[in-house]
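Structural overview for review
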Amino acid sequence: MHDATPASLLDRLAEGPVICAEGYLFELERRGYLQAGAFVPEVVLENPQVVAELHEELVHAGSDVVEAFTYYAHREKLRLIGREGELEPINRQALQIAREVARRSGALLAGNICNTNVYDPADSGAAAAVRAMFEEQVGWAVDAGVDFFIGETFSWGAEALLATEVIRETGLPSVVTLAIHREPETREGWTPQEACRRLEDAGADVVGLNCIRGPRTMMPLLGPIREAVSGHMAALPVPYRTHDAEPSFQSLTDPDCHCLPGDRPFPTALDPFTCNRYELGEFAADAYELGVGYLGVCCGAGPHHIRAVAEALGRSAPASRYSPDMSRHAFLGSDPTLKRRNLEYAKEL
Ligand SMILES: [Zn+2]
């Protein structure tokens, strides 16, 4: 199945950081190819070239991974929009799009499974239903020849364990990450470090956190996880300025804005809270220093964030050719050929 042999995920992690761009749902919603609310990746079927282009942009910006856009392409979400009959085509198409970009660019190809929204510890049948949903998606990804699996955005630790088990049966490496909401624990009340330790014990190769929290409120959770696990760690925050009082991007409020369509900026009015590229770069460098080798950005990420992460980790991406050089700015620069009249006007800008 593997017709190209990029260094494996685990080989790359042994050598240095691995960068993974996530957050396709938000980016393609902004671009007008996907609907906020249900957040199903219908774009994969309707505008596949747009998905391929986004994968290309993110590799250009420094992502080492092309993640098949099968996030929320599961039975429960497709039922919600009346397209359950297209479950297999949407998965296979997403995998094929990602595969072409990965094989062309030398990036790793990742299969993806995520929170099902049907897991319920009080429902004795739920675990079997979740497992079946994971098994069908994982099977299609194995057929497509993925290099490893990402299981992500789990707020139930037990659901993440089910994902880990199903992935483990394939023999492929796994990155399994938890979504930690306002309370710094999983929905069943496990601390992030306890949950990650259980995932590692269950065979996950890389464990950690993704989505929900911005750099400032994800960082404090990473140290205790680092102490609790012995293997590789992942951290992929959302690029929003969450803070102690509003630690998740769903909990952010914007009292200065009176035109919000709902009761909160999430998910379509988070723009004023967006982190700049330097904040993501700083997060990545600090997390790497802490011992987190698998780094990226989730919902809200743009290519500029990914490039900043890559450069903060000492890497140069194809897009680094165009990284800022303000020395050549007409008013704020320092190039000796710049016009003095303009430079003197800089204080008037
Ligand atoms: Zn996300």
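Residues numbered from 1 in each chain as written. Predicted model: local features only at pLDDT ≥ 70, side-chain atom pairs only at ≥ 80, totals over all residues.

**Quick look at helix H10 (residues 215-228)**
- Taking 1.5 Å per residue as the helical rise, H10 with its 14 residues ought to reach 20 Å, and the 20 Å between its terminal C-alpha atoms agrees with that figure.
- Of all bends in H10, the biggest is about 25 degrees, found at Leu222, and the proline Pro224 comes one to four residues later.
- For H10, the complete set of buried residues consists of Pro215, Thr217, Met218, Leu221, Leu222 and Ile225.
- Check the buried side of H10 and you find it contacts helix H9 (192-201), strand E6 (206-210), strand E7 (232-236) and helix H11 (277-290). (Helix = DSSP H or I, 4+ residues; strand = E, 2+ residues; numbered from the N terminus. Expected span 1.5 Å × (residues − 1). Bend = angle between axes of the 7 residues up to and from the residue. Buried ≥ 20, exposed ≤ 12 C-beta atoms within 10 Å, placed from the backbone. Contact = placed C-beta atoms within 7 Å.)

**A few points about the domain arrangement of the protein chain**
- Taken domain by domain, the protein chain consists of domain 1 (9-316) and domain 2 (325-349).
- The centre of domain 1, based on its C-alpha atoms, is set 42 Å off from the matching centre of domain 2. (Domains from an automatic or database assignment.)

**So, the pairing of strand E4 (residues 148-154)**
- Of all the 7 residues making up E4, 7 are buried; the element is thus mostly covered by neighbouring parts of the structure.
- Two strands pair when backbone bridges link them, and strand E3 (residues 108-114) and E4 are joined in this way by 5 bridges, in the parallel orientation. Looking across to E4, one finds that Ile113 is bridged to Gly151.
- Handedness of the E3-helix H7 (residues 126-143)-E4 crossover: right-handed. (Pairing = 2+ DSSP bridges. Right-handed = clockwise from strand over helix to strand, strands pointing away.)

**Observations concerning the packing of H10 against H11**
- The N-to-C vectors of H10 and H11 enclose an angle of 5 degrees; their axes lie 10 Å apart at closest approach. Put simply, H10 runs roughly parallel to H11. Only Glu279, Leu280, Phe283, Asp286, Ala287 and Leu290 of H11 make contact with H10, whose side of the interface consists of Pro215, Met219, Leu222, Gly223 and Arg226.
- Across the contact of H10 with H11, the residue classes break down as 7 nonpolar, 1 polar and 3 charged. (Axes fitted to C-alpha atoms, helices over the stretch in contact; angles between N-to-C directions. Parallel < 35°, antiparallel > 145°, perpendicular 65-115°, else oblique. Nonpolar A, V, L, I, M, F, W, Y, C, P; charged D, E, K, R; others polar.)

**What about helix H4 (residues 48-60)?**
- With 13 residues, H4 extends 18 Å from end C-alpha to end C-alpha; this agrees with the ideal 18 Å at 1.5 Å per step.
- Along H4, the residues classified as buried are Val51, Leu54, His55, Leu58 and Val59. In a view along the axis of H4, the buried residues occupy a sector of 135 degrees, so they form one face of it.
- Summarising the contacts, the buried residues of H4 are in contact with strand E1 (18-21), helix H2 (24-30), helix H3 (43-46), strand E2 (65-67), helix H6 (87-105) and helix H12 (303-312).
- Note on H4: the residue one or two positions beyond its end, Gly62, has a positive phi of about 125 degrees. (Arc of directions from axis to C-beta.)

**Structural notes on the nonpolar core**
- One finds Ala98, Ala110, Ala235, Tyr294, Leu295 and Val309 to be the most contacted residues of the largest nonpolar core, which totals 108 residues.
- Excluding anything up to four places from it in sequence, Ala110 contacts Val65, Val66, Glu67, Ala68, Val146, Asp147, Phe148, Phe149 and Ile150. (Core = buried A, V, L, I, M, F, W, Y, C linked by C-beta atoms within 7 Å.)

**Things to note about unusual backbone geometry**
- Phe266 connects to Pro267 through a cis peptide bond whose omega is -5 degrees.
- The backbone of Tyr72 shows a phi angle near 65 degrees, a positive value even though the residue is not glycine.

**Overview of the environment of Ala102**
- Tracing the sequence through the fold places Ala102 in helix H6.
- Counting along the chain gives 93 residues from Ala102 to Ala195, while the straight-line C-alpha distance between them is 31 Å.
- Apart from the residues within four sequence positions on either side, Ala102 is in contact with Val66, Ala107, Leu108 and Leu109.

**A word on the pairing of strand E5 (residues 174-178)**
- Extensive coverage of E5 is indicated by the burial of 5 of its 5 residues.
- Neither face of E5 is left uncovered, since the one carrying Ser174, Val176 and Leu178 and the one carrying Val175 and Thr177 both have all their residues buried.
- With 4 bridges connecting them, E4 and E5 associate as parallel partners. Each residue of the ladder has a partner; that of Phe149, found in E5, is Ser174.
- Taken together, E4, helix H8 (residues 157-168) and E5 form a β-α-β motif whose crossover is right-handed.
- Where E5 lies against E6, 4 bridges are found, and the strand directions are parallel. The residue of E6 that forms the bridge with Val175 is Val206.
- Traced from E5 through H9 to E6, the parallel crossover comes out right-handed.

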